[in-house]
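Now for the letters of each chain:
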Amino acid sequence: MLTLVHIADLHLGAEYAFLPEEKAAVCREAQFQLLERVLEHAGNISAEVILVAGDLFDSPTPPAAVTNRAFSILGKARRPVLISPGSHDYLGAKSPYLTMPLPENVFVFQSNRLTPYFLHPDTVIWGAAFTGPSAFIPLDAPIDPQHLNVLSMHGDLRGTSGYNPIDPNQLADSEFDYAAFGHNHACSGLCRSGRTYYACPGCTMGLEPSDTGSKGFLSGFVDKDEVSLRFHRANAVRFEEIDIPLGQVTEDKELAGLVRDRLPEDCERVCATLCLIGERKYEPDLEGLKGALCQIFFHCFVRDRSHARRDPWDYLERDDLPGAVTRRYRDMMNEAGNQIEQARLLRSLGYALAALEGETELPE
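The following refers to the structure shown. Numbering of residues starts from 1 in every chain and runs along the sequence as written. Thresholds applied to this predicted model are a pLDDT of at least 70 for local features of residues and 80 or more for the giving and counting of side-chain atom pairs; totals over whole chains, interfaces and linings are not thresholded and use all residues. Each side-chain value is derived from all of the structure's non-hydrogen atoms; neither hydrogens nor water enter the calculation.

## Considering the overall build of the protein chain
A run of H or I in DSSP counts as a helix once it spans at least four residues, and a run of E counts as a strand once it spans at least two, with each numbered from the N terminus. Within the protein chain one finds eight helices and 17 strands. Relative to the globule expectation of 21 Å for 364 residues, the C-alpha radius of gyration of the protein chain, 26 Å, shows a markedly less compact shape. The principal-axis extent of the C-alpha atoms belonging to the protein chain is close to 85 × 45 × 35 Å. Per-residue burial over the protein chain gives 49% buried out of 364 residues. For this analysis, residues touch if any pair of their heavy atoms sits within 4.5 Å. Taking the contacts inside the protein chain whose residues are at least 6 apart along the sequence as the reference set, 67% of them involve residues at least 24 apart. Per element, the accessible surface of the protein chain, about 17,300 Å² overall, is 48% carbon and sulfur. The charged-residue count follows a simple rule in which Lys and Arg add positive charge and Asp and Glu add negative charge, with His and chain termini not counted at all. One atom stands in for each charge, and that atom is NZ of Lys, CZ of Arg, CG of Asp or CD of Glu. Measuring between centres, the 34 positive side-chain charges of the protein chain sit 3 Å from its 52 negative side-chain charges. As defined in this context, the radius of gyration uses C-alpha atoms, and a globule is described by 2.2 Å times the residue total to the power 0.38. Classification of residues uses two cut-offs on accessible area relative to the type maximum, computed with a 1.4 Å probe and protein chains only: under 20% is buried, over 50% is exposed, and between them is partly exposed. Per-residue and other accessible areas were derived by the Shrake-Rupley procedure at a 1.4 Å probe size, with only the shown protein chains allowed to occlude residues.

Spelled out as structure tokens, the structure:
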């Protein structure tokens, strides 16, 4: 049985240029703190190996200060750290994996074909490196089925890109006991194809406002007949999107109350994107709202995706599908027998026009 820690997509050195510099600096520091936490956890569970399935760095040639600090932290792990370079930190001629001295416990896979690392006489870690920003790495390897065989590699589990797409059918035929992947920024959970278990932990911390959801790393044990892994949430800055429908809001005081009711936990650690959606009855003070929310959240962006309340009869003279639909509803309303039926048709017209305009929020 093998006890391991599986991480990927730390993206050390990411700039977070969309944030004010003081907030970006906090995020960059948090990345290193997360790496230190991973090593501390590895010690607590007596992990035999730490697998880094690509994109340890955000760039193939990160600043020396970033690589020096990362290697210094990894050198304190007191256990092998195996790195499979990915699409961001791919192995090029100027890669720090080739040009800088590595700690004795750190091993970097350097071939774009699977090669073995014998962790124990009966335990083999197979890995490979991206040697450019994209890759297609075959899963064939001369596996000894008597050994415990673990794969650690950067690869796209969605299988729709040039970032080493992973075919579940080929994975089933590979006979690996466990395959540790990186690249996709959302945790896949523990999956199985044939007898091969596999997972992607997602990134340890979000990199942009749309990088929402739980972030962290995996740890547990791998055996010939069983794999058990636990996902550990990162206690760091996280990104969330919050939709606020404006349909019934008529003033900023009401909007503030609606936002207050939807605040997530630990706001001081959240970089939030607040999206105002639907039909609006008034013009909100966006700058005032952003200023107030930046005092509550780690940082906040306000996106106004709402639209002004429309008069459906404005479409009557348009020479397009919404115009034709509006004229058809006008005729039906003229033929309606009572005001209740007319009101029902008018509401239905509002839904139809919203759908035709590509809106996801129905009018009130």
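Back to the write-up after that little detour.
## Looking at the pattern of salt bridges
In what follows, salt bridge is the name for a side-chain nitrogen of Lys or Arg lying within 4 Å of a carboxyl oxygen of Asp or Glu. Under the counting rule described, the total for this entry stands at ten salt bridges. Here R195 and D177 are joined by a salt bridge, their closest N and O atoms 2.7 Å apart. With R195 in the loop between strand 9 (191–193) and strand 10 (196–199) and D177 in the loop between helix 4 (168–174) and strand 8 (178–182), this pair connects stretches of sequence that are 18 residues apart. We note a salt bridge from K224 to D177, for which the minimum N-O separation is 3.3 Å. Of this pair, K224 sits in the loop between strand 11 (216–222) and strand 12 (227–233) while D177 sits in the loop between helix 4 and strand 8, and the two are 47 residues apart along the sequence. Through salt bridges with shared partners, one network takes in D177, R195 and K224.

## Digging into the packing of helix 1 (residues 21–44) against helix 2 (residues 64–74)
Any two packed helices are characterised by how steeply their axes cross, that is the angle between the axes, and by the distance between the axes. Where helix 1 contacts helix 2, the two axes come as close as 10 Å, and the packing angle between them is 15 degrees. Judged by the inter-axis angle, helix 1 sits roughly parallel to helix 2. The two elements helix 1 and helix 2 cross, and the hand of that crossing is right-handed. Where helix 1 abuts helix 2, its residues E29, F32, L35, E36 and L39 lie against V66, R69, A70, I73 and L74. Residues of the contact of helix 1 with helix 2, tallied by class, amount to seven nonpolar, no polar and three charged. Lines fitted to the C-alpha atoms define the axes, with helices restricted to the stretch that makes contact. Angles between their N-to-C directions range from 0 to 180 degrees. Orientation is classified from the angle alone, with under 35 degrees giving roughly parallel, over 145 giving roughly antiparallel, 65 to 115 giving roughly perpendicular, and any other angle giving oblique. Handedness of a helix crossing follows the sense of rotation of the near helix relative to the far helix, less than a right angle counterclockwise being left-handed and clockwise being right-handed. Side-chain classes are defined by residue name, with Ala, Val, Leu, Ile, Met, Phe, Trp, Tyr, Cys and Pro counting as nonpolar, Asp, Glu, Lys and Arg as charged, and the others, Gly among them, as polar.

## Some thoughts on the side chain of T123
Looking at the secondary structure, you find T123 in strand 6 (residues 123–127). Those residues within four positions of T123 in sequence are excluded, and the remaining contacts are L2, Y117, F118 and L148.

## Digging into the state of the cysteines
Two cysteine sulfur atoms form a disulfide, by the criterion used here, when they sit within 2.5 Å. Under the criterion given, the structure shown has zero disulfides. Looking at the unpaired C271, the closest cysteine sulfur is the one in C27, lying at 7.0 Å. With relative accessibility at 1%, the residue C271 sits in the buried group. Just so you know, C294 is unpaired, no disulfide at all, and the nearest cysteine sulfur is the one on C300, 5.6 Å from it.

## What about the sheet that holds strand 1 (residues 2–7)?
Where strands meet in a sheet, backbone hydrogen bonds hold them as pairs that are either parallel or antiparallel. DSSP bridges decide pairing: two strands pair if at least two such bridges lie between them. In space, the six strands of this open sheet follow the order 4-3-2-1-11-12, with mixed pairing throughout. Here the strands that pair on one side only, and so sit at the sheet edges, are strand 4 (106–108) and strand 12. Across this sheet, the average inter-strand angle for adjacent strands is 20 degrees, counted without regard to direction. Two elements, strand 11 and strand 12, share seven bridges in a ladder whose sense is antiparallel. Its bridge partner being in strand 12, S219 is matched across the sheet by R230. Packing against the sheet, helix 1 makes contact with strand 1, strand 2 (49–52), strand 11 and strand 12, and its axis sits at approximately 170 degrees to strand 1.

## Remarks on helix 7 (residues 321–335)
When the terminal C-alpha atoms of helix 7 are compared, their 21 Å separation across 15 residues agrees well with the 21 Å that a helix rising 1.5 Å per residue should span. Listed as buried for helix 7 are P322, G323, V325, T326, Y329 and M333. Buried residues of helix 7, viewed axially, fall in a sector of 160 degrees; they line one side. Facing away from the buried side of helix 7 by over 90 degrees, the exposed positions are L321, N334 and E335. Elements that come into contact with the buried residues of helix 7 comprise helix 8 (339–356). Capping the start of helix 7 is the job of one residue whose side-chain oxygen sits 2.9 Å from the backbone nitrogen of G323: D320. Each helix should span, by expectation, one fewer than its residue count multiplied by 1.5 Å. As used here, the arc is the angular range of directions from the helix axis to the C-beta atoms. Think of a polar contact as two N or O atoms within 3.5 Å of one another; within protein, one of them needs to be a possible hydrogen donor and the other a possible acceptor, and neighboring residues in sequence only count if both atoms come from side chains.

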